[in-house]
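A closer look at the structure
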Amino acid sequence: MHGMTQGDHGPGHEHGHDHEHDHEHSELGAMDLRVRALESLLAAKGWIDPAALDAIVDAYQTRIGPRNGARVVARAWVDPAYRDWLRRDATAAIASLGFSGRQGEHMVVVENTPDTHHLVVCTLCSCYPWPVLGLPPTWYKSAPYRARAVRDPRGVLADFGVVLPESTAIRVWDSTAEIRYLVLPMRPPGSEGLSEDALADLVTRDSMIGTGLPRSPSPA
Ligand code: FE
């Protein structure tokens, strides 16, 4: 599923990226130090404003974070026409709610059913749909998750506390620089009377990666 489509990535790198690479965990510490050193140097020379950088990071972690994806899921749960649009053209359907931009240009929504559960990974690095989920969690970028999600998805789900019936197939989607996946989880039982806002509150980040399930509504 990592096939190369036409893009503007250079040759010799099947998995082109314009975001940070962190292929080796052991290099993360050194890379972090280099980034901080560079930031300090640029700030000292007056080229960048550290507060502006902080604002960008904060935007991705909170405002542009998983609550955006939760809005998409809740809308799909209450609006069959919107759900159908997501199936046909997820990028456009998601952008219609105001969520678009870098790392979300080519979105595909995969829909959980009683028969099939979807799990998203980036086996080569950390491709992730920023406009709907924000910044990827640390475990998503870790080598064990990237390797095991493909080899033993049911075991990975168990580690996350998700145990599915044996009759439910698990399908793994390998994100690329070109395509980013969002899981549409199943609407939880007992949520029939809830408003769209209340439904969005049930949607967890992990349920949109496939490593979790939505919360159950609290009993009235
Ligand atoms: Fe990647």
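Note that this is a predicted model, so its numbers are computed, not measured.

Re helix 8 (residues 143-151)
Those residues of helix 8 lying buried are Tyr145, Arg146 and Ala149. Each buried residue of helix 8 sits inside an arc of 100° when the element is viewed along its axis, so together they form one side. Exposed side of helix 8, more than 90 degrees from the buried face: Pro144 and Arg151 are the residues found there. Residues of helix 8 that are buried in the fold lie against strand 2 (116-121), helix 7 (138-141), helix 9 (153-159), strand 3 (169-174) and helix 11 (205-209).

Considering the pairing of strand 2
Extensive coverage of strand 2 is indicated by the burial of five of its six residues. In this structure, strand 2 lies alongside strand 3, joined through six bridges in parallel fashion. Looking at the pairing, Thr116 lines up with Ala169 of strand 3.

Observations regarding the pairing of strand 4 (residues 180-184)
Of all five residues in strand 4, five are buried, a share of seventy percent or more. Here five bridges tie strand 1 (residues 107-111) to strand 4, and the two strands are oriented parallel to one another. Following the sheet pairing, Met107 is matched in strand 4 by Arg180.

Observations regarding the confidence of the model for the chain
Taken over all residues, the pLDDT of the chain has a mean of 85, while the share at 70 or more is 83%. Counted against residues more than four places away or in other chains, residues 1-14, with its pLDDT under 50, gives 21 contacts.

Overview of the coordination of the iron ion
Binding of the iron ion to the protein goes through Cys122 (SG), Cys125 (SG), Cys127 (N) and Cys127 (SG), at separations of 2.3 to 2.7 Å. One can describe the site at the iron ion as irregular: its four donor atoms subtend angles covering 77 to 137° at the metal. In terms of primary sequence, the donors binding the iron ion are separated according to C-x2-C-x1-C. The pair Cys122 / Cys125 is uniform in exposure class, with both members buried.

Rules and cut-offs
- Residues numbered from 1 in each chain as written.
- Predicted model: local features only at pLDDT ≥ 70, side-chain atom pairs only at ≥ 80, totals over all residues.
- Heavy atoms only, no water.
- Buried < 20%, exposed > 50% of the residue type's maximum accessible area, 1.4 Å probe, protein only.
- Helix = DSSP H or I, 4+ residues; strand = E, 2+ residues; numbered from the N terminus.
- Arc of directions from axis to C-beta.
- Contact = heavy atoms within 4.5 Å.
- Pairing = 2+ DSSP bridges.
- pLDDT = per-residue confidence, 0-100.
- Donors = N, O, S within 2.8 Å, 3.2 Å for Na, K, Ca; no water.
- Tetrahedral: all angles 85-135°; square planar, octahedral: opposite > 155°, others 65-115°.

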